[in-house]
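# Summary of structural features
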Amino acid sequence: MDIAMPTETAVSADAPARADFTFKDCTCIAIRPTSEFGDRTLGATIDDYEEVQLQIGLPDVPTQAHQKLSDLAAAVDQALPIRAEHPHLRLRYNGEEIQAEFRDWRSFARMCAEWDGGWDLIERVAAGDLAYDDQQILDYEEDCPLLVIAAQKVRPS
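Overview of the structure. (Residues numbered from 1 in each chain as written. Predicted model: local features only at pLDDT ≥ 70, side-chain atom pairs only at ≥ 80, totals over all residues. Heavy atoms only, no water.)

## Some points on the overall build of the chain
Helix and strand counts for the chain come out as 5 helices and 6 strands. Reading the helices (α) and strands (β) of the chain from amino to carboxyl end gives β-β-β-β-α-β-β-α-α-α-α. Residue burial in the chain is summarised as follows: out of 157 residues, 42% are buried. Contacts in the chain between residues at least 24 apart in sequence constitute 50% of all its contacts with a sequence separation of at least 6. If you sum the accessible surface of the chain, you get close to 8300 Å²; carbon and sulfur atoms cover 45% of it. (Helix = DSSP H or I, 4+ residues; strand = E, 2+ residues; numbered from the N terminus. Buried < 20%, exposed > 50% of the residue type's maximum accessible area, 1.4 Å probe, protein only. Contact = heavy atoms within 4.5 Å. Areas by Shrake-Rupley, 256 points an atom, 1.4 Å probe, with all protein chains shown as cover.)

Written as structure tokens, this is what we have:
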């Protein structure tokens, strides 16, 4: 099954938006936090952004934003099932602080731990060594709510 991503908020300064793609055509999905600066859209960081672009990569075409979302957790949650259905796609986080591939919430947290050691707590939650609602996790709620959400996503069942 090919899912057509909504394009009503499609934006791209580099190339015209493609409404006729399927994920079989794509090479990657990128999650990019952004902020507006005048009439420009700039890359932002995981803990300081205004909106999130879910971007697609097509062969021989610059990556294009095809959907805008209000938060990173929603973008990750939307991208993961697409990647699961289309395993040829590379899934990337494209923030100002780090640009790397990930496969799931646990690998997303490992990627984030490369620039912020607090994300190491998520591996402890995933391993069952720390509760997802431990105070060490909850201490991040104000500064990095995504870390708290990641703890909930990786907790053992």
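## Examining the pairing of strand β5 (residues 90-94)
Residue alternation in β5 divides its side chains into a buried set, L91 and Y93, and an unburied set, R90, R92 and N94. In this sheet, β5 lies alongside strand β1 (residues 28-37) in parallel orientation, the contact comprising 4 bridges. Looking across to β5, one finds that C28 is bridged to R90. As defined by bridge partners, β5 adjoins strand β6 (residues 99-101) across 3 bridges and the pair is classed as antiparallel. Within β6, the position partnered with R92 by the bridge is E101. Between the end of β5 and the start of β6, which pair antiparallel, lie 4 residues. (Pairing = 2+ DSSP bridges.)

## A look at helix α2 (residues 105-113)
For α2, a buried count of 7 out of 9 residues is recorded, marking the element as mostly surrounded by other parts of the structure. Against α1 (72-85), β5, β6, α3 (120-126) and α5 (145-154) lie the buried residues of α2. For α2, the N-terminal capping position is held by D104, with its side-chain oxygen 3.2 Å away from the main-chain nitrogen of R106. (Polar contact = N/O pair within 3.5 Å; in protein donor to acceptor, adjacent residues only side chain to side chain.)

## Some words on the pattern of salt bridges
Throughout the structure, instances matching the rule amount to 5 salt bridges. A cluster of three or more residues bridged by salt bridges with shared partners is formed by R106, R110 and E123. (Salt bridge = Lys/Arg side-chain N within 4 Å of Asp/Glu carboxyl O.)

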